[in-house]
Amino acid sequence: MAYPFSLIVVLFLGLSAMIPWRCEAGMLRGPGGEAVRGPDYPTRIVSLAPSITEILFSLGAGHRLAGATDLCDFPSEAILLPKVGRFPGPDLERIVNLRPDLCIALKNVNPADLLERLGTFGIPVYVVEPKDLSTTMETILELGRLLDAETRAEGLVGGMSSRVERVKSRVAKTGSRPGVFLQIGVTPIVSVGSHTFIDELITVSGGRNLAQGPVPYPRFSREQVLALQPEVIIITSMTRGLVFERVRDEWREWGSLPAVKNQRIFIVDSDLIDRPTARLAEGLEMLAGLIHPELF
Amino acid sequence: MNHRVVKRTLNVSVLLCLVLAASTVLGLFTGSTGQNPWEVLALITGGGDPDSVTASIIWRIRLPRVLLASMIGATLSLGGLVFQTLLRNPIAEPYVLGISGGSAVGAILGILLGLSRFPGVASFAFAGSMLTLLLVVSISSGQSSVRKDSLILAGVMVNAFCSSIIMFMVSLTRDSRLHNILFWLMGDLSITDQKQVLMLFGVLLPCFVVLFLFANSMNLLLMGEDMAAGMGVDVRLISLALLGTTSLMVSATVCHSGLLGFVGLVIPHLLRLLFGADHRVLIPACVFGGAAYLVLCDLVARTLPAHGEMPVGVVTAMIGAPLFIFLLAKSRK
Amino acid sequence: MKPSLDVRNVSLAYGRSTVLRDISFSVREGEFFIIIGPNGSGKSSLLKVIAGIARPGTGDVELFGRPLRGRSRKTLARTIAVVPQTQPMDVPFCVAEVVLMGRSPYMGLLGMESPEDLRIAENAMSFTGVSELARRKFDRLSTGERQRVLIARAICQQPRIMVLDEPTASLDLAHQVHIMELMERLRSHDGTTIIMVSHDLNLAAMYADRLLLMRSGRIISSGSPGEVLNYETLERAYGCVLLVDGNPVKNVPRITLVPAHALPPKSGG
């Protein structure tokens, strides 16, 4: 009985592997697969991600934005932009209603179906894929080229780059790599695994991400965290509106933890370490300061 | 030719058709952006500017969505009616034989593999539901007749098992896909275009016709299988035909819209209360009435929340559950 | 003249249990034929085979000389009508609608009734005395009333053979007699063959032309009530003490149950 079923499952998986991935970084192909050219100087841009909105403003192109998502909140001018719905799944009707001449989206984050449908309405979509520090900087440069703001972009990236290098060189001077537990979820306790922005920042700023591993957002029980004996505990404000003090006090009850003994429990703004924007450099410096206060 | 039933069927159908038409028009007027109602009116009545953004939104976003909602509402209501009669169980609903579990597992698999909603995820969902249906029927297969109680039991077990698989898959998922998955599980009518709507219609219309032809046989089935057989109904054949047709059409809609609860459960009871139990009247009533109901629920889902939209499944549950309790209380008297 | 029903060497098994073993008998047209026997003797299964609802493992059944096998359900339903043992529950229709269902074998796919169908249904309802109940909900009726409605429905099929499975069980006395009288009238009026399963030996004795006594899937005895209902045969079939004497109302045997305490004490105890 199981044999034919498993055969069918395998067949389907095999078939699906043959279905080509339809979304590469760059200009999204049209509905028939044809190459699409964006406008030469787009002035009605709709950004489909908070990080993209930030980058556009930092490139000096904020005034060319016609719309952004509900979560686009930095810089503060972004809050005043017409909203196109939630992130990562905005509302098609609202986007179309703004008559954009270009949409900029995040690959594998904004729904591919939506991006394709935008194409059928004749709206060009540009897709970026920042996965870590270096690709974030590439994205900034890419968008700079796209929007005729290359000089600005190069300046931004140059600044980011030198700040990152500065942190790296100082960290290289010491061999100590304190164990860091970065908590993004309170109940249950959730941390960050490998291949995330936060993981990279922790590593670059001279720490050891204790939650490293294949699971991107692993869950921990209190016991498991205690067993890891973190020297630094960082709690992010991604869980907005919660009482961070309460969380810190809960950790303080476990006096055996090095982090508690040395009073190294901190709270940071998650946007600084989780959004692929120029502010990552700031986030990196901040983390470095918390992990290696003796160096910074 | 006696006109009693014909007249009644026509009256009910026309009435509900009008309700459906009104809901459809209302659906075109409402959306997440405020379009000028006069412009919308002009477009609907044949005038207006066909190249405007308003025209784009009305014809290519709102209309396909409203049509999809009406087809799904019709299918789920009709599916609920057929299963309630076939399984002789008043709380049977179109997903009861494992269709929801199987299609959800298939769809989530498709979403995790990064496939597009249509045809990728849709075909996975369809395959999943057909597989679980096969599983349910083979688990419960009896001798001469389709054994009802074991069907329901098998369906419940398979659905429960699939739920655990789904929860497992969800726990492994990262953010972006999770959003997609949750919206599918709660019913999502937003991803559709004219082509898909037409294809779905092509599958559903024959199913509706076939089920209508079996209307009188379903009346007879309510008298018990032996008595129905004694009056000339080929019980086994008709049961299989009803089962197959209904599962096909319900699966086809699930893979477009995800899971929408309470429609198939509540609407048949409501219409039975209003129009009687004759299937020759109820089947068209479920088609038009169920369609209107979901169009209206989708309307609410689109306009109620301040930002974005609520999943339609939430609205159907919020309206459907109290409605069902009310109908239950009424039937007790 | 061909018998209305001819059963030859019929056997039936459900899974591993054999329910009917090599059953052979025939019923003449217009006969009042009653099948009796203890529970589990296979009476209901035999009825299902006769009505074409269950297919026998071996053997043949012929209705009016034509084999049952291979005939469509619909044509069969015009010859033979069934009133099953249990009444259906949760029927959301009114009496008139239920009775009209009996016309299904003559109507098209969608079952749209003609004036003729309505007339036949009205006649059937007045025959069984349920005309005043026409607009009432079937579920709201008493058991006896429901039974009369179901019989009216069966009459609408205009069958030549009427098959009833314990139609008087759970009915009050008046209704029991009424139902049997209805069947007798059908028989004498229209020449309908009545084949019935009954648990009431005395009623069976008073109405039947011939009886068929079954036990454990086999025929123990068949013939007129006088022939079948004798003490030895009955004790063998039912396994309990019975008193058989003459019925004062009609020239047929009368069966009386003998409770244990009424028996004379065994000697030598």
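Remember, it's a predicted structure, so these values are computed and weren't measured experimentally. (Residues numbered from 1 in each chain as written. Chains lettered and ligands numbered in written order. Predicted model: local features only at pLDDT ≥ 70, side-chain atom pairs only at ≥ 80, totals over all residues.)

(A) Representation of the overall build of chain C within the structure. Secondary structure summary: chain C contains nine helices and 12 strands in total. For 269 residues, the compact-globule formula gives about 18 Å, and the C-alpha radius of gyration of chain C, at 20 Å, lands near that figure. Taken along the three principal axes of its C-alpha coordinates, chain C extends 75 × 40 × 35 Å. In chain C, which comprises 269 residues, the share counted as buried stands at 42%. (Helix = DSSP H or I, 4+ residues; strand = E, 2+ residues; numbered from the N terminus. Rg over C-alpha atoms; globule rule 2.2 N^0.38 Å. Buried ≥ 20, exposed ≤ 12 C-beta atoms within 10 Å, placed from the backbone.)

(B) Inspection of the overall build of chain A at higher detail. In terms of regular secondary structure, chain A is built from 12 helices and 11 strands. For chain A, with 296 residues in total, the buried portion stands at 42%.

(C) Here's a closer look at the interface of chain B and chain A. Contacts between chain B and chain A engage 27 residues on the former and 30 residues on the latter. Going through the elements one at a time, helix 3 (53–86), helix 5 (117–139) and helix 7 (175–185) of chain B are the ones with two or more residues in the side of chain B that touches chain A. It is helix 5 of chain B that contributes the most residues to the side of chain B that touches chain A, five residues altogether. Of the residues contributing to the side of chain B that touches chain A, the split by class is 10 nonpolar, 13 polar and four charged. (Contact = placed C-beta atoms within 7 Å. Nonpolar A, V, L, I, M, F, W, Y, C, P; charged D, E, K, R; others polar.)

(D) A look at the sheet that holds strand 2 (residues 17–27) of chain C. Residue and element names in this part refer to chain C. Sheet architecture is open: four strands sit in the order 2-1-4-5, paired in antiparallel fashion. This sheet does not close on itself; its edge strands, each paired only once, are strand 2 and strand 5 (66–67). Relative to strand 4 (residues 58–63), strand 1 (residues 5–14) runs antiparallel, the two sharing five bridges. Paired with Leu5 across the strands is Leu63, a residue of strand 4. (Pairing = 2+ DSSP bridges.)

(E) Representation of the interface of chain C and chain B within the structure. Across the boundary between the two partners, chain C contributes 26 residues, which contact 24 residues of chain B. Per-element tally for the side of chain C that touches chain B: the top contributor is helix 2 (residues 73–79) of chain C, with three residues. Class assignment of the residues belonging to the side of chain C that touches chain B gives a composition of 18 nonpolar, five polar and three charged.

(F) The pairing of strand 4 of chain C, seen in detail. Residue and element names in this part refer to chain C. Examined bridge by bridge, strand 4 and strand 5 share two bridges and lie antiparallel to one another. The residue bridging Leu63 from the neighbouring strand is Arg66, located in strand 5. Count of turn residues in the strand 4/strand 5 antiparallel hairpin: two residues, of which Phe64 carries a positive phi of about 50 degrees.

(G) Up close: the domain arrangement of chain A. Residue and element names in this part refer to chain A. Taken domain by domain, chain A comprises domain 1 (22–129) and domain 2 (175–291). Here the C-alpha centre of domain 2 lies 32 Å away from the C-alpha centre of domain 1. With six residues of domain 1 in contact, the opposing surface of domain 2 contributes five residues. Partitioning the side of domain 1 that touches domain 2 into residue classes produces three nonpolar, two polar and one charged. (Domains from an automatic or database assignment.)

(H) Region of interest: the environment of Asp70 of chain A. Residue and element names in this part refer to chain A. By secondary structure assignment, the location of Asp70 is in the loop between strand 3 (65–67) and helix 3 (92–97). Assessed through the 17 C-beta atoms surrounding it within 10 Å, Asp70 is described here as partly exposed. The spatial distance from the C-alpha of Asp70 to the C-alpha of Pro50 is 8.5 Å, given a sequence separation of 20 residues.

(I) The arrangement of helix 12 (residues 280–291) of chain A in detail. Under the 1.5 Å per step criterion, the end-to-end length of helix 12 of chain A is 16 Å for 12 residues, consistent within 8% with the ideal 16 Å. Inspection of helix 12 of chain A places Leu280, Ala281, Gly283, Leu284, Met286, Leu287, Ala288 and Ile291 of chain A among the buried residues, and these make up the whole buried set. (Expected span 1.5 Å × (residues − 1).)

(J) Quick look at the sheet that holds strand 3 (residues 32–36) of chain C. Residue and element names in this part refer to chain C. Strand order in this open sheet of six strands is 6-7-8-3-9-10, and the pairing throughout is mixed. Only two strands of the sheet have a single neighbouring strand rather than two, namely strand 6 (80–83) and strand 10 (218–223). Going from strand to strand, the sheet's axes swing by 15 degrees on average, the running direction of each strand aside. As paired elements, strand 9 (residues 210–215) and strand 10 share five bridges and run antiparallel to each other. Residue pairing for strand 10: Leu212 is matched across the bridge by Ser222. The sheet strands contacting helix 9 (residues 231–238) are strand 9 and strand 10, and the helix crosses strand 10 at an angle near 155 degrees. (Axes fitted to C-alpha atoms, helices over the stretch in contact; angles between N-to-C directions.)

(K) A look at the pairing of strand 4 (residues 102–106) of chain A. Residue and element names in this part refer to chain A. Counted residue by residue, strand 4 has five buried out of five residues, so it is predominantly covered. Strand direction decides the pairing type here: strand 2 (residues 45–47) and strand 4, joined by three bridges, are parallel. Looking at the pairing, Ser47 lines up with Ile104 of strand 4. When strand 4 meets strand 5 (residues 125–128), the two strands line up parallel, connected through four bridges. Across the sheet, Leu106 pairs through a bridge with Val128, a residue of strand 5.

(L) Quick peek at the packing of helix 5 (residues 133–146) of chain A against helix 6 (residues 150–172) of chain A. All names here are of chain A. Running from amino to carboxyl end, helix 5 crosses helix 6 at an angle of 165 degrees, the nearest separation of the two axes being 7 Å. When the axis of helix 5 is compared with that of helix 6, the two are roughly antiparallel. In this structure, the crossing between helix 5 and helix 6 has a hand that is right-handed. Counted together, Leu133, Met137, Ile140, Leu141, Leu143, Gly144 and Arg145 of helix 5 and Glu150, Arg152, Ala153, Glu154, Leu156, Val157, Met160, Ser161 and Val164 of helix 6 form the full contact between these two elements. Of the residues that constitute the contact of helix 5 with helix 6, the class distribution is 10 nonpolar, two polar and four charged. (Parallel < 35°, antiparallel > 145°, perpendicular 65-115°, else oblique. Left-handed = near helix turned anticlockwise from the far one by under 90°.)

(M) Here's a closer look at the confidence of the model for chain C. On average, residues of chain C score 90 in pLDDT, and 98% of them are at 70 or above. Overall fold confidence for the complex sits at a pTM of 0.85, while the interface term, ipTM, reaches 0.88. (pLDDT = per-residue confidence, 0-100.)

(N) Here's a closer look at the nonpolar core. Ranked by size, the top nonpolar core spans 263 residues in total, and within it Cys103 of chain A, Cys286 of chain B together with Val99 and Val163 of chain C carry the most contacts. Two domains each provide a minimum of three residues to this core, namely domain 1 (22–129) and domain 2 (175–291) of chain A. The contact partners of Cys103 of chain A, leaving out residues within four places of it in the chain, are Val46, Leu48, Ile95, Leu118, Ile123 and Val125 of chain A. (Core = buried A, V, L, I, M, F, W, Y, C linked by C-beta atoms within 7 Å.)

(O) Summary view of the arrangement of the chains. Take the two pairs of chains in contact: the one carrying the most contacts is chains B and C. Between chain A and chain C there is no contact; the minimum C-alpha to C-alpha separation amounts to 22 Å.

(P) Representation of the confidence of the model for chain A in the model. When pLDDT is averaged along chain A, the result is 85; 88% of the residues meet or exceed 70. Within the model, the stretch residues 16–23 of chain A combines pLDDT values under 50 with 12 contacts to residues more than four positions away or in other chains.

(Q) Main features of helix 4 (residues 112–120) of chain A. The buried fraction of helix 4 of chain A amounts to seven of the nine residues, a majority that puts the element mostly inside the structure. Of all the positions in helix 4 of chain A, only Ala112, Asp113, Leu114, Leu115, Glu116, Arg117 and Leu118 of chain A are classed as buried. Of the surrounding elements, those touching the buried residues of helix 4 of chain A are helix 3, strand 4 and strand 5 of chain A together with helix 5 of chain B. Just beyond helix 4 of chain A, the residue with positive phi is Gly122 of chain A, at close to 80 degrees.

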